[in-house]
Amino acid sequence: MIKIENLSKTFQTEEVETTALNNIKLEIKEGEFVAIMGPSGCGKSTLLNIMGMLDSPSEGKYYFDNQEVGSQKEKQRNKIRKGNVNFVFQSFNLIDELNVYRNVELPLNYLNIKSADKKARVLEILDRMKIGHRRNHYPQQLSGGQQQRVAIARAVAANPKLLLADEPTGNLDSKTGLEVMNLLSELNNDGTTIVMVTHSERDAEFAHRVIRLFDGEIAAESTAKKMPSINF
Ligand SMILES: Nc1ncnc2c1ncn2[C@@H]1O[C@H](COP(=O)(O)OP(=O)(O)OP(=O)(O)O)[C@@H](O)[C@H]1O
């Protein structure tokens, strides 16, 4: 699904040039659950943003489903991202003015779906994320774990192939974080490819593979204890 070849990313500000990623080579197969770890500033979010087509590499190639997207213009990248990739963030990023149902419905409004099918999809995914009983609540009326479950529901409502999660349990207590990790694991078992940035060794154990970055380079790669449920 993802192939990254000799990818580098430098940020140029007035005074300094920062190499955030240096000569990254990486492949991620459909159905995988990959964790990206490493110290602060090693380039994890930069890599995730490029995979999510929010940013482009300075050098090298990024292929998504065999299509080179790294060198595409922003408009074209946005088009490829839509329906293919979605995100979950540490800080949930829900829209405070919309209730749970409307937040989750949002990505479906951009697709050409009949309103009855849309409703069925929203209710189904809310139930799967065990948050259906809170569908009329607003984000501020929910706990952190509940907000993250809504955010995951919103992220997968349109059935993206790839879910990118940037420290999804970073703002949650240990027990709630575990519940969120179990939901992500279930989604992965049902076929969604997941790439997750995390500082948590426990969360990384949910992944099939752990990639450790250091100073913008892949320093180590390991297979986690849990084996994937798919054939490679
Ligand atoms: N827009 C930007 N402009 C300039 N420098 C940037 C920009 N974004 C990131 N950087 C730099 O690139 C490097 C990698 O940043 P990145 O956010 O990818 O790290 P990270 O591993 O996700 O860190 P953390 O764990 O703290 O979130 C850092 O040195 C950072 O300062």
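All values reported here derive from a predicted model rather than from experimental measurement.

**Re the overall build of the protein**
So, point 1. Looking only at helices and strands, the protein features seven helices and 10 strands.
So, point 2. Over its C-alpha trace the protein gives a radius of gyration of 18 Å, about what one expects of a compact globule, namely 17 Å for 232 residues.
So, point 3. Judged by the C-alpha coordinates and their principal axes, the protein covers about 45 × 45 × 40 Å.
So, point 4. Across the 232 residues in the protein, those meeting the buried criterion constitute 39%.
So, point 5. Counted over contacts in the protein with a minimum sequence separation of 6, partners at least 24 positions apart contribute 66%.

**A short note on the site of the ligand**
So, point 1. The full set of residues close to the ligand is Phe11, Thr13, Thr18, Ala20, Gly38, Ser40, Gly41, Cys42, Gly43, Lys44, Ser45 and Thr46.
So, point 2. Here the element with the most residues in the shell around the ligand is helix H1 (residues 44–51); it accounts for three residues.

**Section: the sheet that holds strand E6 (residues 85–89)**
Strands in a sheet are paired, the pairing made by backbone hydrogen bonds, and the direction either parallel or antiparallel.
So, point 1. Here six strands make up an open sheet; going across it, the order is E6-E7-E8-E3-E9-E10 and the pairing mixed. Each having just a single partner strand, E6 and strand E10 (217–223) make up the two edges of the open sheet. When the angles between neighbouring strand axes are averaged without regard to direction, this sheet yields 20°.
So, point 2. Pairing analysis gives six bridges linking strand E9 (residues 209–214) to E10, with the strands arranged antiparallel.

**Topic: the sheet that holds strand E5 (residues 67–68)**
So, point 1. The strand order across the open sheet built from four strands is E2-E1-E4-E5, with neighbouring strands paired in antiparallel fashion. Both edges of this open sheet fall to strand E2 (17–28) and E5, since each of them pairs with a single strand only.
So, point 2. In terms of strand pairing, strand E4 (residues 59–64) meets E5 through two bridges, oriented antiparallel. Counterpart to Phe64 in the pairing with E5 is Gln67.
So, point 3. Running over the sheet, H1 touches strand E1 (2–12), E2 and E4 and is turned about 60° from E2.

**Some remarks on the domain arrangement of the protein**
So, point 1. What the domain assignment reports for the protein is domain 1 (1–84 + 160–232) and domain 2 (95–158).
So, point 2. A per-class count over the side of domain 1 that touches domain 2 returns seven nonpolar, four polar and two charged.

**Here we look at helix H6 (residues 174–189)**
So, point 1. Along its 16 residues, H6 runs 22 Å from first to last C-alpha, staying within 8% of the 22 Å computed at 1.5 Å per residue.
So, point 2. Three or more residues of H6 are buried, namely Gly177, Val180, Met181, Leu183, Leu184, Leu187 and Asn188. The buried residues of H6 all sit within an arc of 155° when viewed along its axis, so they share a single face. Counted as exposed and oriented over 90 degrees from the buried face of H6: Lys175, Asn182 and Glu186.

**Description of the packing of helix H3 (residues 100–109) against helix H4 (residues 115–128)**
So, point 1. Running from amino to carboxyl end, H3 crosses H4 at an angle of 120°, the nearest separation of the two axes being 10 Å. The pairing of H3 with H4 is recorded here as oblique in orientation. When you trace H3 past H4, the crossing you get is right-handed. Touching Val100, Tyr101, Val104, Glu105 and Leu108 of H3 are Lys118, Arg121, Val122, Ile125 and Leu126, all from H4.
So, point 2. Taken together, the residues of the contact of H3 with H4 sort by class into seven nonpolar, no polar and three charged.

**Quick look at helix H5 (residues 144–156)**
So, point 1. Between the first and last C-alpha of H5 there are 18 Å, a value that for 13 residues agrees with the 18 Å anticipated at 1.5 Å per step.
So, point 2. Among the 13 residues that make up H5, 12 are buried, leaving the element largely enclosed by the rest of the structure.
So, point 3. Those residues of H5 that fall on the buried side of the exposure criterion are Gly145, Gln146, Gln147, Gln148, Arg149, Val150, Ala151, Ile152, Ala153, Arg154, Ala155 and Val156.
So, point 4. The secondary structure elements touched by the buried residues of H5 are E6, H3, H4, strand E7 (162–166) and H6.

The rules behind each value
- Residues numbered from 1 in each chain as written.
- Predicted model: local features only at pLDDT ≥ 70, side-chain atom pairs only at ≥ 80, totals over all residues.
- Helix = DSSP H or I, 4+ residues; strand = E, 2+ residues; numbered from the N terminus.
- Rg over C-alpha atoms; globule rule 2.2 N^0.38 Å.
- Buried ≥ 20, exposed ≤ 12 C-beta atoms within 10 Å, placed from the backbone.
- Contact = placed C-beta atoms within 7 Å.
- Near = placed C-beta within 6 Å.
- Pairing = 2+ DSSP bridges.
- Axes fitted to C-alpha atoms, helices over the stretch in contact; angles between N-to-C directions.
- Domains from an automatic or database assignment.
- Nonpolar A, V, L, I, M, F, W, Y, C, P; charged D, E, K, R; others polar.
- Expected span 1.5 Å × (residues − 1).
- Arc of directions from axis to C-beta.
- Parallel < 35°, antiparallel > 145°, perpendicular 65-115°, else oblique.
- Left-handed = near helix turned anticlockwise from the far one by under 90°.

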